[in-house]
Amino acid sequence: MALSVSSLASSLSSLSFSSQVSHGPTTLSFPKSNSAFSLPAKSPRRASLSITATVAAPAEVSEDDTMELKKYVKSRLPGGFAAQKIIGTGRRKCAIARVVLQEGTGKVIINYRDAKEYLQGNPLWLQYVKVPLVTLGYENSYDVFVKAHGGGLSGQAQAITLGVARALLKVSADHRSPLKKEGLLTRDARVVERKKVGLKKARKAPQFSKR
């Protein structure tokens, strides 16, 4: 036992430890490589995004087409609108529409122009015109000829609805019940409310200041 302790002490004394620690910064260097996957250099200017929109111009109707439609209407309505039997007058806001029905294939002509072109292809306004006919199942049985004036296109379309419904009453009195059930025989009395004195519009008042 004493021999083993003395041999261990001699072996430890022969070992030497260095206590020098380098406090300098450790630097790593990598060699430059001409890699094909290098990042592109930043451009000084940013790319600008430009968006352009084009609006399709409405199709122009030539005078020849208008004259042909006018001749067609006059040939179908001898004596004019007032001489026809199946006629109805509709009103809405400031718009007035005189409507004549004749047996045909479902054409709609407003002021000597095709309905789709006159109402600018608006599906809601076109639907207004055909609602009374669709209600009775006559959408392909009658041609509709209209003279409309006053107001805007929306008011004229709704005036035509009332005019067509009233004209259908002259075809048969039995049409009253289904048309009345859908509210197509009621004249919509709503109009723009007049401006009041001291107000900016009908009800809009200027800003109130308490002091």
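All residue numbers refer to positions counted from 1 along the written sequence of the respective chain. Under the rules for a predicted model, residues below a pLDDT of 70 receive no local features and side-chain atom pairs below 80 are neither given nor counted, while totals for whole chains, interfaces and linings still include all residues. Excluding hydrogens and water, the side-chain values take into account all heavy atoms of the structure.

Undergrad: Would you mind going over the sheet that holds strand E1 (residues 87-92) with me for this structure?
TA: By way of backbone hydrogen bonds, the strands of a sheet pair with one another, either parallel or antiparallel. One requirement defines pairing of two strands: DSSP has to find at least two bridges between them. The numbering of helices and of strands both runs from the N terminus, where a helix is a DSSP run of H or I of at least 4 residues and a strand a run of E of at least 2. Strand order across the open sheet formed by five strands is E1-E2-E5-E3-E4, with mixed pairing between neighbours. Each of the sheet's edge strands pairs with one partner strand only, and the pair in question is E1 and strand E4 (113-114). Looking at chain direction, E1 and strand E2 (residues 95-103) are connected through six bridges and run antiparallel. Bridge pairing links Ile-87 to Val-100 in E2. Contacts from helix H2 (residues 63-76) reach E2, strand E3 (108-110), E4 and strand E5 (142-149), with the element oriented near 115° to E5. We call two residues in contact when some of their heavy atoms are within 4.5 Å. Lines fitted to C-alpha atoms define the axes, with helix axes restricted to the stretch in contact, and inter-axis angles between N-to-C directions lie between 0 and 180 degrees.

Undergrad: Quick question: what am I supposed to make of the pattern of salt bridges here?
TA: Side-chain pairing between opposite charges can occur once the charged atoms of the two side chains come close. Any Lys or Arg side-chain nitrogen found within 4 Å of a carboxyl oxygen on Asp or Glu counts as a salt bridge. Taken as a whole, this structure holds six salt bridges when the rule is applied. The salt bridge involving Arg-92 is made with Asp-188; its shortest N-O contact spans 3.5 Å. Residue Arg-92 is located in strand E1, and its partner Asp-188 is located in the segment after helix H6 (176-181); the two are separated by 96 residues in the primary sequence. In this scheme, a residue with accessible area under 20% of its type's maximum is buried, one over 50% is exposed, and one in between is partly exposed, where area comes from a 1.4 Å probe on protein chains only. For Asp-188, a relative accessible area of 22% translates into the label partly exposed. Residue Arg-190 is joined to Asp-188 by a salt bridge in which the shortest nitrogen-to-oxygen separation is 2.8 Å. Each of Arg-92, Asp-188 and Arg-190 takes part in one network of salt bridges that share partners.

Undergrad: Would you explain a negative patch on the surface in this entry?
TA: Patch building starts from residues that exceed 30% relative accessible area and form no salt bridge, then joins like charges within 9 Å and nonpolar side chains (Val, Leu, Ile, Met, Phe, Trp, Tyr) within 5 Å. Method for areas: the Shrake-Rupley scheme with a 1.4 Å probe, in which residue coverage is limited to the protein chains shown. Counting rule applied: Lys, Arg positive; Asp, Glu negative; His and chain ends not counted. A single reference atom marks each charge: NZ on Lys, CZ on Arg, CG on Asp, CD on Glu. Judged by side-chain charge, Glu-63, Asp-64, Asp-65 and Glu-68 come together as a negatively charged surface patch. You can call Asp-64 exposed: its relative accessible area is 56%.

Undergrad: Would you mind showing me how to read the environment of Val-73 here?
TA: Positionally, Val-73 belongs in helix H2. Discounting chain neighbours no more than four positions away, the residues touching Val-73 are Ile-109, Tyr-112 and Phe-145.

Undergrad: Is there a simple way to think about the confidence of the model for the protein chain in this case?
TA: Atomic detail in the predicted coordinates should be set aside for any region of low pLDDT. How sure the predictor is of each residue is captured by pLDDT, a score from 0 to 100. With 71% of its residues at a pLDDT of at least 70, the protein chain reaches an overall mean of 82. No element of the protein chain has a lower mean pLDDT than helix H1 (residues 2-14), which averages 56, and none a higher one than helix H5 (residues 153-171), which averages 97. In this model, residues 17-22 is a region of pLDDT below 50 whose contacts with residues beyond four sequence positions or in other chains number zero contacts.

Undergrad: Explain the nonpolar core here, please?
TA: Nonpolar side chains in soluble globular proteins generally cluster together in the buried interior. Note on terminology: a nonpolar core comprises buried Ala, Val, Leu, Ile, Met, Phe, Trp, Tyr and Cys residues joined through side-chain atoms within 4.5 Å. If you look at the biggest cluster of nonpolar residues, it comprises 28 residues, and the most contacted ones within it are Ile-110, Val-144, Val-146, Ile-160 and Leu-179. Secondary structure elements with two or more residues in this core: E2, E3, helix H3 (115-118), helix H4 (123-136), E5 and H5. Discounting chain neighbours no more than four positions away, the residues touching Leu-179 are Pro-132, Leu-136, Ala-165, Leu-168, Leu-169, Leu-184 and Leu-185. Membership of the second largest hydrophobic core comes to seven residues, among which are Leu-77, Phe-81, Ile-87 and Val-100.

Undergrad: Is there a simple way to think about the side chain of Gln-84 in this case?
TA: Of note, Gln-84 is situated in the loop between H2 and E1. Given a relative accessible area of 15%, Gln-84 falls into the buried group. Of the polar contacts made by the side chain of Gln-84, one reaches the backbone oxygen of Pro-78; its length is 3.1 Å. Identification of polar contacts relies on pairs of N or O atoms within 3.5 Å, with a donor-acceptor requirement for protein atoms, meaning one able to donate a hydrogen and the other able to accept it, and with residues adjacent in sequence counted only if both atoms are side-chain atoms. Side-chain polar atoms of Gln-84 contact the backbone oxygen of Gly-80, separated by 2.9 Å. Leave out the neighbours within four places in its chain, and Gln-84 touches Leu-77, Pro-78, Val-100 and Gln-102.

Undergrad: Would you mind going over the environment of Tyr-72 with me for this structure?
TA: Within the secondary structure layout, Tyr-72 lies in helix H2. For the pair Tyr-72 and Tyr-112, spaced 40 residues apart in the sequence, the C-alpha separation amounts to 8.8 Å.

Undergrad: Got a minute to help me understand the side chain of Asp-143 in this structure?
TA: Structurally, the position occupied by Asp-143 is in strand E5. When its relative accessible area of 2% is taken as the criterion, Asp-143 is described as buried. A polar atom in the side chain of Asp-143 sits 3.0 Å from the side chain of Arg-76. When neighbours within four sequence positions are excluded, Asp-143 is seen to be in contact with Tyr-72, Arg-76, Val-100, Leu-101, Gln-102, Glu-103, Gly-104, Thr-105, Gly-106 and Lys-107.

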